[in-house]
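# Structural description and commentary
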Amino acid sequence: LISTITVVVPSPISEVIGMPETLEIGDSYDDETPIKLYVRDDADDPVTVFSGHDLADLDFDPTFTIAPTPGNPRGRVVGVVTYVPAVGPVEGYLKVEISSLQSRRAVEGESSVQCVLKWTGYEKTLLSTTVRWLPRI
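This text gives an overview of the structure that appears in the document. (Residues numbered from 1 in each chain as written. Predicted model: local features only at pLDDT ≥ 70, side-chain atom pairs only at ≥ 80, totals over all residues. Heavy atoms only, no water.)

### Observations concerning the pairing of strand β8 (residues 77–84)
- Judged by which residues are buried, β8 turns out to be one-sided: Val 77, Gly 79, Val 81 and Tyr 83 face inward and are buried, whereas Val 78, Val 80, Thr 82 and Val 84, on the alternate face, are not.
- As paired strands, strand β7 (residues 63–67) and β8 are joined by three bridges and run antiparallel to one another. Following the sheet pairing, Thr 65 is matched in β8 by Val 78.
- Relative to strand β9 (residues 93–97), β8 is paired through five bridges, and the arrangement is antiparallel. Following the sheet pairing, Tyr 83 is matched in β9 by Leu 94. (Buried < 20%, exposed > 50% of the residue type's maximum accessible area, 1.4 Å probe, protein only. Helix = DSSP H or I, 4+ residues; strand = E, 2+ residues; numbered from the N terminus. Pairing = 2+ DSSP bridges.)

As structure tokens, this is what we get:
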């Protein structure tokens, strides 16, 4: 399932598309099955620059965290975020990878998701939403 999430970052961003509503505990969201986040402005155009900082900059060092309770290490899952630039007509995106070792740390139920874009001396919270972790059967 993919949903549209309204983000907390002011203009030029109006939405982030691609964050699933549910994830499975123990699954790998790896290079073959990553979470793809597309950042768009009000005109539905891709956004890659934030106050002069580009997603392709060498000092780009984002964080992606999912936790049932902010500040609590129990159930905390950390993903690795990289920027995949546009190629021809294919839009660029933020690729989030979560290993099965990380997803096994998840706690069943609703958790907070936060993606923070970071550069030297500058950071922006891109995504602040929730996801529901489902158990494996």
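On we go.
### Topic: the pattern of salt bridges
- Within this structure, the stated rule accounts for five salt bridges.
- Across the pair Asp 31 and Lys 95 runs a salt bridge, and its minimum N-O distance is 2.7 Å. With Asp 31 in the loop between β3 (22–24) and β4 (35–41) and Lys 95 in strand β9, this residue pair connects regions lying 64 residues apart in the sequence.
- A residue is classified by how much of its surface remains accessible, and Lys 95, at 12% relative accessible area, is buried.
- A salt bridge links Asp 44 to Arg 40; the nearest nitrogen and oxygen atoms lie 3.2 Å apart.
- By relative accessible area, Asp 44 is classed as partly exposed at 43%.
- Taken together, the shared-partner salt bridges connect Asp 31, Lys 95 and Glu 97 into one network. (Salt bridge = Lys/Arg side-chain N within 4 Å of Asp/Glu carboxyl O.)

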